[in-house]
Amino acid sequence: MKSGFIGIIGRPNVGKSTLLNSILGEKVAITTDKPQTTRNSIRGIYTRFDDEAVTGTDGVQMVFIDTPGIHKARNKLGEAMTEMAVNTYKEVDVVLFLVDGSMKKGPGDKYILDMIRDLDTPKILVINKIDKMEPEEYKEIFDEYEETGVFDAIYGTSALEGKNVPQLLAKIETYLEEGPMFFPEDMVTDHPERFIVSEIIREKVLNYLEEEVPHGVAIEIESYKEEPNITRIGAVIYCERKSHKGIIIGKQGKKLKGIGKSARLEMEALLGTKVFLQLWVKVKENWRDSDFALSNFGYKE
């Protein structure tokens, strides 16, 4: 069997989590249209055995690591997220660098390109969101990156539609060597259910709120009790200002109820059982610049 670790890196909001979910065929990473949605490195595990083999091997296990978008940090949370992403690409067997436009789109892509330029690790450029591009635009981006001489392969994908994802997987497999199975065959992520549940709540908060408030939100699971026919979950939504608390709760509590209902329905589908979800909103001022709070919420060791 072949096996290995693949790091997915790129600027915020280029579709890294969407690509991971597309590869796995189910949702393990939250996705929104807001940048910097991913805060932790999330591992997704793709396993295929020889009866489906396309390369004559006994199968493959690819452990994908979806990282926070690399960006110019404005606070300690941002620094921790970028450090997490940078450390990932140094320790993997293959690097996938996702872009969704030319380098002119922003300095972020060139910054990442310079970071990975001298890596000996195989590097694949993934031009994502091709469903939104004209052929001429795709060719321009392809040529721009090919001229750098940095990449071993370049693929165009639509992670949202699953376009060219199987071909990308087949290419990644050619760079992997024989190795052990790191995880059981039926495992798609190594994160515990408590973590996934907290991420589902955060995704719903991101979707229900606008502008700056979502980025000042953290979720803490205070209680998680599995009973025969129901799982009871208590969670706190932390925000940075009293004014934000009012926005999250909404008029007559309607916004918080909407967040809770949407999160509960997704949790029930994930866990395969009824869920009783209680949400509270608390203020923890400037937690994104507090080392203690960042450690508490699992963003720093």
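Just so you know, the residues in each chain are numbered from 1, in the order the chain's sequence is written. Only residues with pLDDT of at least 70 get local features here, since the model is predicted, and only at 80 or more are side-chain atom pairs given and counted; chain-wide, interface and lining totals rely on the full set of residues. To obtain the side-chain values, all non-hydrogen atoms of the structure were included, while hydrogens and water were left out.

- The chain carries the name GTPase Era in an unreviewed UniProt entry, which gives Anaerotruncus colihominis as its organism.
- In UniProt, the chain has this text filed under Function (unreviewed entry): "An essential GTPase that binds both GDP and GTP, with rapid nucleotide exchange. Plays a role in 16S rRNA processing and 30S ribosomal subunit biogenesis and possibly also in cell cycle regulation and energy metabolism."
- Under the heading Sequence similarities (unreviewed entry), UniProt records this for the chain: "Belongs to the TRAFAC class TrmE-Era-EngA-EngB-Septin-like GTPase superfamily. Era GTPase family." UniProt positions are given in the numbering used here, feature names are shortened, and annotations may be inferred rather than shown by experiment.

1. Structural notes on the side chain of N128
Thought 1: Counting from the N terminus, the helices are DSSP H or I runs at least four residues long and the strands are E runs at least two residues long. Tracing the chain through its elements places N128 in the loop between β5 (123–127) and α4 (135–146).
Thought 2: Whether two residues touch is decided by their heavy atoms; if any such pair falls within 4.5 Å, the residues are in contact. Those residues in contact with N128, other than ones at most four positions away along the chain, are V14, G15, L98, V99, D100, M133, T157, S158 and A159.

2. Here's the deal with the nonpolar core
Thought 1: To form a nonpolar core, buried Ala, Val, Leu, Ile, Met, Phe, Trp, Tyr and Cys residues must be joined to one another through side-chain atoms within 4.5 Å. Burial classes follow relative accessibility: with a 1.4 Å probe on protein chains only, a residue under 20% of its type's maximum area counts as buried, one over 50% as exposed, and anything between as partly exposed. Counting residues in each nonpolar core, the largest one holds 25 residues, and the members touching the most others are I201, I233, I237, I248 and M267.
Thought 2: Ranked by residue count, the leading element in this core is helix α6 (residues 193–208), at six residues.
Thought 3: The contacts of I233, once residues within four sequence positions are left out, are V197, I221, S223, Y224, M267, L271, V275, F276, L277 and Q278.
Thought 4: With 23 residues, the next largest nonpolar core counts L19, L24, V126 and A159 among its residues.

3. Details of the side chain of R202
Thought 1: Along the polypeptide, R202 turns up in helix α6.
Thought 2: N or O atoms closer than or at 3.5 Å make up a polar contact, with two conditions inside protein: a donor-capable atom paired with an acceptor-capable one, and, for residues adjacent in sequence, both atoms drawn from side chains. A distance of 3.0 Å separates a polar atom in the side chain of R202 from a polar atom in the side chain of E199.

4. Quick word on the packing of helix α1 (residues 16–24) against helix α5 (residues 165–174)
Thought 1: Only the stretch in contact is used when fitting a helix axis, every axis being a line fitted to C-alpha atoms; angles between N-to-C directions are given from 0 to 180 degrees. Running from N to C, α1 and α5 point in directions that differ by 85°, and their axes come no closer than 10 Å. The pairing of α1 with α5 is recorded here as roughly perpendicular in orientation. Together, L19, S22 and I23 of α1 and V165, L168 and L169 of α5 make up the contact between the two elements.
Thought 2: Any residue outside Ala, Val, Leu, Ile, Met, Phe, Trp, Tyr, Cys, Pro, Asp, Glu, Lys and Arg is labelled polar, Gly included; the first ten of those are nonpolar and the last four are charged. Looking at the contact of α1 with α5 residue by residue, the classes come out as five nonpolar, one polar and no charged. Angle categories are assigned with fixed cut-offs, so that under 35 degrees is roughly parallel, over 145 is roughly antiparallel, 65 to 115 is roughly perpendicular, and the rest are oblique.

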